[in-house]
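If you want the building blocks of each chain, they are given just below.
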Amino acid sequence: MSNLLVNDRDQRFILFEQLGMEKLFTTETFNDFSKDDALMILSEAEKMALNVILPTFTDGDREGCTFKDGNVYVPKSYHEAYKKYIEGGWMIANESPEVGGQGIPLVLYEACMETMSAANVSFQMLPGLTHGAGKLIEEYGSEEQKKKYMEKMYDGTWGGTMCLTEPGAGSDVGALKATAKRLPDGTFSITGTKIFISFGDQDVTGNIIHPVLARIEGDPPGTGGISIFIVPKYKINDDGTLGELNDVHTGNIEHKMGIHGASTCTLNFGDDNKCIGELLGNERDGMKIMFLMMNEARLSVGLQGLSLSSTAFEHAVSYAKDRIQSALVWEKKGPDAKPVSIIQHPDVRRDLLWMKSHLEGIRAMNYFTAYAMDMAKANPGEREKWQGFVELLTPVCKAYSSDKGMDICSKAIDVYGGYGYCQEYPVEQYLRDCKIATVYEGTNGIQSLDLVGRKLAMNKGMNIMNMFGEIGATIARAKNIEELKIDAGRLEEAYNALVDLTMALAQFGKSSSFIIPILNASSYLDIFGDVLVGHFLLQAAVIASEKLKAIYQENGAEESKAKKRALVRSNEDVAFYSGKIASSRFFAVEVLCTVKPRCEAIKSEEMVAFEMADESFTC
Amino acid sequence: MNIVACVKQVPDTEAQIRVKADGSGIEEGGIKWVMNPYDEYGVEEALRLKEKNGGEVTVISVGPARVMETIRTALAMGADKGIHVQDAAFDGADAYTTAAALAAALKDLNPDIIFCGQRAIDDDQGQVGAVLADLLDIPHVSLITKLEFADGAIKVIRPIEGAQLLIEAKLPCLVTAQKGLNEPRYASLPGIMKAKKKPVDVKDAAALGVTPAVNMKVVKFVPPPARAAGKIVCGDDPAAKAKELARLLREEAKVI
Ligand SMILES: Cc1cc2nc3c(=O)[nH]c(=O)nc-3n(C[C@H](O)[C@H](O)[C@H](O)COP(=O)(O)OP(=O)(O)OC[C@H]3O[C@@H](n4cnc5c(N)ncnc54)[C@H](O)[C@@H]3O)c2cc1C
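Residues numbered from 1 in each chain as written. Chains lettered and ligands numbered in written order. Predicted model: local features only at pLDDT ≥ 70, side-chain atom pairs only at ≥ 80, totals over all residues.

## Observations concerning the overall build of chain A
If you tally the helices and strands in chain A, you get 23 helices and twelve strands. The globule rule puts the C-alpha radius of gyration for 619 residues at 25 Å, and the 25 Å found for chain A is close to it. In terms of principal-axis extent, the alpha carbons of chain A reach across some 85 × 60 × 60 Å. Within the span of chain A, comprising 619 residues, buried residues form 51% of the whole. (Helix = DSSP H or I, 4+ residues; strand = E, 2+ residues; numbered from the N terminus. Rg over C-alpha atoms; globule rule 2.2 N^0.38 Å. Buried ≥ 20, exposed ≤ 12 C-beta atoms within 10 Å, placed from the backbone.)

So this is what it looks like as structure tokens:
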């Protein structure tokens, strides 16, 4: 791979060979598309990412955002890049042509967004948030609201945000204090303070539309009493032109570890009681409505973990091939021992394969989830099954991809050694930019509670049973292939342990040990993610094995190890498919083999972390 | 105005080129194909000319089936229609044959202006534009970096060493595009979707009435020799090292 952002061969493999996304093109929803179109769109996305977004990566970080006289200024380079991005039609590419999109399948969009985010995640958040906020209005707004707000958001004229968090309401959104007071004309007067609002202010778009969660005076406490309001930064006149400031003021911006190019703002609404909001949807439906944006945002955050993993890995491999250091340990004593490129050192190779296998697994998992959304949309008859996958996998995509993303970015620095820690190379920024993904959109701790507390039991357990069915099918297929038997056995053992653990958690949940699932939720999510990744990798290995067999046959290499070795060097497909089998095998021995003992440990009902006195932490 | 942009599909500049074992060509598997970068300038200028003065942009390319991708890229950028000259007889064609095919395909179109890239980055010959102009019997200006159109004529800038030429030409004529002419736009997603409905005419040698002639044949492809390893002058004494360096530059590298 030459672009160092993503391995486009692996992208195409997952899209066309593993998921078989061409199936979508035969449905009425997507019959406007062909594989050629998809390839062309991917290649244009790569151009946009490389030529337009990537140049904002370093200066976006070093210059960062500034706050002056109440206004926020984003990195200068973002302005031109944003214009080109919008002109390219990327922001709402997956939306329907009726609202100005191109209706491209979500899974294809996901692949494009992976490449774009790999070029600069913090830039990518601006169109991402605008798209998400616009989508809320598209789904829940009145015709008038769509005309007034959505159209100008979707065409890039105005920006969008999501305003949930307050100082006293982070993970617990229901504790929010922002208030909406009814006005005689049916609009609401909004007061309150929101913090940590991404791109809450910026100088790229002429207006900013804030979807704001607030409680109408007199409504009950908790999430059930929350409504959602459309609050523009500037009021909008009847003729669509901009009016005065809507009493929305930026208090300050945060100085933070990463994503320096994405402003993180404190927004004060209604300091002078002049902030007007319009209700979106029904009263007290605020959480339900916002969840549409939150679910999409959670998948986007998972994608951020994936994107950064991808570019961190591509950089690490490329560096490891170039950097010459140390002779091979077993040759060191010889007089002729020469230093080698570090990719030759076993420890570096292991790190790289650790990164590669996790990366490919989370890529497949995120793409699969997007594909499930397409299938749900395109096949009304199978909607429940596919939508079930989306519900189940959303917290896993978010938390697992960002957790492993951190590990992968960290390992990339290890591969670079001291250079990786320094700003001369981009990998330190990948790590800094990645960390936020484990935190926002609901911390990974909250994601694991969502998985264990809600998603497993959802749809009477059918969603998880369907997923288990997919994994079982992969194991059965792999067992029929001689060279994958051991790997299949390892996935099977891990899978059986996971199934047992899942049943056990359901029992604990009903008994007096109900704390066990809550206490071990993030371990469970981690194990679940591992088994899913093992499944996607083995599924890929099955395909790779079949393709390799055909190529070997074509080249008369079935029986000859030497010929196979020669082919790996001369034939890119052979190298690629062999690498897929290696990813699956490495992951199986490195990770899947640890799953069973981890499951046993949870089932042992050890509760020390829960029971130990607070005092013991501090004295 | 009838505007034509000629485009060639070439391996991506980043592609790792491998020569086939028998030297008959390059390994095409795994290669990413792109529009020749100089042709992109041509397409962009053609589109700008149309946007200012009206008319229609036709893109044309000679090559195998995969070339359709490049034609579609130009259509997605905004060109109106395409012509794909596809015939196995033209595979590996020399510059003259390619130009003859283009000329035959464009003859009836009566183009007012034709854009070519100043050369293709794969075989680096830079001949097709000039030959095509000659076959169509129209003037040609090469290596332009600026173009203005008014009153049926163009004024173009062509840089030469240490200066620039300002050249005027009456239409119809052919120009070849040099880096600096413009910044080519990206194909937008709406553009890609619209391009699907734009017509592309596929023509073979018989339809064009061209008999591919072999005036020039590539005998063999050979990879460039691998770069020899560098030499590091070692030692503790800077003066001795400098002396050794000078000796090596003189006696071995023969550059001073
Ligand atoms: C750079 C940045 C950008 C952001 N952008 C936005 C934005 O655009 N819009 C927006 O609304 N918000 C945004 N946020 C806010 C973000 O979503 C919150 O920070 C996050 O949800 C956590 O809330 P908190 O910070 O209050 O942490 P807390 O809720 O105080 O959590 C602290 C710790 O306690 C744990 N915890 C809390 N409750 C529970 C529980 N019930 N069970 C188990 N563990 C628990 C958490 O997992 C975490 O580990 C952003 C934050 C940052 C830093």
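Resuming the write-up.
## Quick word on the pairing of strand β7 (residues 226-232) of chain A
Residue and element names in this part refer to chain A. Burial within β7 is extensive, with seven of its seven residues counted as buried. Neither face of β7 is open: one carries Ile-226, Ile-228, Ile-230 and Pro-232, the other Ser-227, Phe-229 and Val-231, and all of them are buried. One ladder, built from seven bridges, connects strand β6 (residues 208-216) with β7; its direction is antiparallel. Considered in β7, the bridge of Leu-213 is made with Ile-228. Relative to strand β12 (residues 276-279), β7 is paired through two bridges, and the arrangement is antiparallel. Looking at β12, one finds that Phe-229 is bridged to Leu-279. (Pairing = 2+ DSSP bridges.)

## Observations concerning the interface of chain A and chain B
Every contact between the two is made by 14 residues of chain A and, on the other side, 13 residues of chain B. When residues in the side of chain A that touches chain B are grouped by element, the largest group, six residues, is from helix α3 (residues 35-53) of chain A. (Contact = placed C-beta atoms within 7 Å.)

## As for the site of the ligand
Residues and elements named next belong to chain A. The environment of the ligand is made up of 21 residues, and the closest members are Leu-164, Gly-170, Ser-171, Phe-196 and Gly-445. Elements with a contribution of two residues or more to the shell around the ligand: β5 (188-198) and α14 (444-455). For the shell around the ligand, the residue count by class is ten nonpolar, nine polar and two charged. (Near = placed C-beta within 6 Å. Nonpolar A, V, L, I, M, F, W, Y, C, P; charged D, E, K, R; others polar.)

## Let's talk about the domain arrangement of chain A
All names here are of chain A. By the assigned domains, chain A splits into domain 1 (8-154), domain 2 (159-284) and domain 3 (456-612). Computed from C-alpha coordinates alone, the two centres of domain 1 and domain 2 are separated by 24 Å. Opposite the 34 residues of domain 1 that make contact, domain 2 presents 27 residues. Where the side of domain 1 that touches domain 2 is concerned, the elements lending two or more residues are α4 (57-63), β2 (71-73), α5 (77-87), α7 (121-140) and α8 (143-154). (Domains from an automatic or database assignment.)

## Quick look at helix α7 (residues 238-252) of chain B
Residues and elements named next belong to chain B. In this model, α7 (15 residues) spans 20 Å end to end at C-alpha, consistent with the 21 Å of a helix rising 1.5 Å per residue. Among the 15 residues that make up α7, zero are buried, leaving the element largely open to the surroundings. Note on α7: the residue one or two positions beyond its end, Lys-254, has a positive phi of about 55°. (Expected span 1.5 Å × (residues − 1).)

## Some remarks on the packing of α3 of chain A against α5 of chain A
Any two packed helices are characterised by the angle at which their axes cross and by the distance between the axes. Residue and element names in this part refer to chain A. The interhelical angle for the contact between α3 and α5, taken along N-to-C directions, is 160°, at an axis separation of 10 Å. Put simply, α3 runs roughly antiparallel to α5. The handedness of the crossing between α3 and α5 comes out as right-handed. Where α3 approaches α5, its residues Met-48, Val-52 and Ile-53 are matched on the opposing element by Ala-81, Lys-84 and Tyr-85. (Axes fitted to C-alpha atoms, helices over the stretch in contact; angles between N-to-C directions. Parallel < 35°, antiparallel > 145°, perpendicular 65-115°, else oblique. Left-handed = near helix turned anticlockwise from the far one by under 90°.)

## Quick notes on the sheet that holds strand β12 (residues 200-203) of chain B
Residues and elements named next belong to chain B. Here we have seven strands laid out as an open sheet, ordered β7-β11-β6-β1-β4-β5-β12, and parallel in their pairing. Every interior strand has two partners, whereas the edge strands, β7 (140-144) and β12, have only one. Put simply, the sheet's adjacent strands are angled 20° from each other on average, direction ignored. When strand β1 (residues 2-6) meets strand β6 (residues 113-117), the two strands line up parallel, connected through three bridges. By the bridge assignment, Ile-3 is partnered in β6 with Ile-113. This element, helix α2 (residues 67-77), spans β1, β4 (56-62), β5 (81-85) and β12 of the sheet and lies at about 165° to β4.

## Quick notes on the domain arrangement of chain B
Frequently, the measure chosen for interface size is the accessible area removed from exposure when the parts meet. Domain annotation of chain B identifies domain 1 (2-208) and domain 2 (226-256). Centre-to-centre, using C-alpha coordinates, domain 1 of chain B lies 47 Å away from domain 2 of chain B.

## Digging into the environment of Asp-614 of chain A
Residue placement: Asp-614 of chain A occurs in helix α23 (residues 614-618). Taking the C-alpha atoms as reference, Asp-614 of chain A lies 34 Å from Ile-226 of chain A; in sequence the two are 388 residues apart.

## Concerning helix α9 (residues 286-322) of chain A
All names here are of chain A. Taking 1.5 Å as the rise per residue, α9 with 37 residues should run 54 Å; its terminal C-alpha atoms sit 53 Å apart, in good agreement. Within α9, the axis deviates most sharply at Leu-292, by approximately 30°. Across the 37 residues that make up α9, a large majority, 27, are buried. (Bend = angle between axes of the 7 residues up to and from the residue.)

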